[in-house]
Amino acid sequence: MRTTRRPIHAVSTWVRRQPPKVKAFLAVITGMAALVLLRVIVHDHDNLFVAAEAVHSIGISVLIYKLMKEKTCAGLSLKSQELTAMFLAVRLYCSFVMEYDIHTLLDLATLATTLWVIYMIRFKLKSSYMEDKDNFLIYYVVIPCAALALLIHPSTSHLFVNRVFWAFCVYLEAVSVLPQLRVMQNTKIVEPFTAHYVFALGVARFLSCAHWVLQVLDSRGHLLVALGHGLWPSMVLISEIVQTFILADFCYYYVKSVFGGQLVMRLPSGVV
């Protein structure tokens, strides 16, 4: 095992010593390589979106296991869960009135479990909730997302309010994890179950982003035209990419900790 860790440690040490521009370049190269690999392995790229939902559900299941087994919600952000429930509820409404499909059922199940997590944090495990660490102000993201949705939204034939709601849930999903990252930034130590949950979110966001990017490539840009005109098609892709890169740094340290045999993650300053 020691011989396996040495090259990994050497690579991680080399990456950590590189300037920000080199790290960004390496991240882009790694992302492109992963996209190429997925394009070769996964023939039906719609399966990537289903896989993203499935991984998100696995993350929620890990969270539920933590709450039921350890009887504590320490390290979890209630605000992040509330933002998640908010965009899921809006997206569920949009699914019912605009495009009812299998994703509607997946969103319904995820919303139900997220509401249960919120209930546990607010009432059953309130004594262990780290309210002083969960100090991200929700309206810093909700108000800008709502304003952006009013300005940039789909140009389909649906009702104006439904198109705005659709855009709002896309933008809010991209930044819903920020309060959880703030909690981890404040504590600097992330226990295993919370780390597994956030890593699952990162994988789910990457798969969702890969789904959209590969769909655009396969359709040779026609998908962007189908989404509408103006800035909306570009904003959909940007939102997917943003939510992936928000968690990229954490996922790097998560993988490093797992290969290093560390059960508890210790984050350097400025990671999240």
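All values reported here derive from a predicted model rather than from experimental measurement. (Residues numbered from 1 in each chain as written. Predicted model: local features only at pLDDT ≥ 70, side-chain atom pairs only at ≥ 80, totals over all residues. Heavy atoms only, no water.)

With respect to the UniProt feature "transmembrane region" (unreviewed entry) in the protein chain
Per the UniProt record, "transmembrane region" (unreviewed entry) is found at residues 24–42, 104–123, 135–152, 164–181, 193–214 and 234–255. In the segment residues 135–152, helix accounts for 72% and strand for 0%; the C-alpha atoms at its two ends are 29 Å apart. Within residues 164–181, the helical portion is 89% and the strand portion 0%, while the C-alpha atoms at the span's ends are 27 Å from each other. (UniProt positions renumbered as here; feature names shortened; annotations may be inferred. Helix = DSSP H or I, 4+ residues; strand = E, 2+ residues; numbered from the N terminus.)

Notes on the nonpolar core
In summary, soluble globular proteins display a tendency toward joint burial of nonpolar side chains. Ranked by size, the top nonpolar core spans 60 residues in total, and within it Tyr-171, Leu-172 and Trp-232 carry the most contacts. Those elements giving two or more residues to this core turn out to be helix 3 (46–70), helix 4 (78–98), helix 5 (102–124), helix 6 (139–151), helix 7 (160–175), helix 8 (178–187), helix 9 (192–218) and helix 11 (232–259). Of all the elements, helix 7 adds the most residues to this core, at 10 residues. Residues within four places of Leu-172 in sequence aside, it is in contact with Leu-83, Met-86, Phe-87, Val-141, Val-142 and Cys-145. Counting eight residues, the second largest nonpolar core, distinct from the first, contains Leu-48, Ala-52, Ala-200 and Leu-214. (Core = buried A, V, L, I, M, F, W, Y, C linked by side-chain atoms within 4.5 Å. Buried < 20%, exposed > 50% of the residue type's maximum accessible area, 1.4 Å probe, protein only. Contact = heavy atoms within 4.5 Å.)

Things to note about the packing of helix 4 against helix 7
Where helix 4 contacts helix 7, the two axes come as close as 9 Å, and the packing angle between them is 145°. The two elements helix 4 and helix 7 meet at a crossing, and its hand is left-handed. Judged by residue contacts, Leu-83, Met-86, Phe-87, Val-90, Arg-91, Tyr-93, Cys-94, Val-97 and Met-98 of helix 4 engage Asn-162, Phe-165, Trp-166, Phe-168, Cys-169, Leu-172 and Glu-173 from helix 7. Tallied by class, the residues present in the contact of helix 4 with helix 7 amount to 13 nonpolar, one polar and two charged. (Axes fitted to C-alpha atoms, helices over the stretch in contact; angles between N-to-C directions. Left-handed = near helix turned anticlockwise from the far one by under 90°. Nonpolar A, V, L, I, M, F, W, Y, C, P; charged D, E, K, R; others polar.)

Brief notes about unusual backbone geometry
You will see that Lys-71, though not glycine, has its phi angle at about 55°, which is positive. Examined against the element boundaries, Lys-71 turns out to sit in the loop between helix 3 and helix 4.

A closer look at the side chain of Gln-243
As for its placement among the helices and strands, Gln-243 is situated in helix 11. Dropping the residues within four chain positions of it, Gln-243 is found in contact with Glu-173, Ala-174 and Arg-205.

Remarks on the packing of aromatic side chains
On inspection of all chains with the given rule, the structure shows eight aromatic pairs. Ring plane angle 40° and centroid distance 5.5 Å describe the contact between Tyr-119 and Phe-123, whose orientation is recorded as tilted. Placement of the pair is Tyr-119 and Phe-123 together in helix 5, with a separation of four residues, close to one helical turn. Overall, Tyr-119 belongs to the partly exposed group, its relative accessible area being 38%. Judged by its relative accessible area of 58%, Phe-123 falls in the exposed class. Members of the aromatic cluster, connected to one another through ring pairs, are Trp-166, Tyr-171 and Trp-232. (Phe/Tyr/Trp six-rings, centres within 6.5 Å; stacked < 30°, edge-to-face > 60°.)

Digging into the side chain of Thr-244
Along the chain, Thr-244 turns up in helix 11. For Thr-244, the contacting residues outside a window of four places in its chain are Arg-205, Phe-206 and Cys-209.

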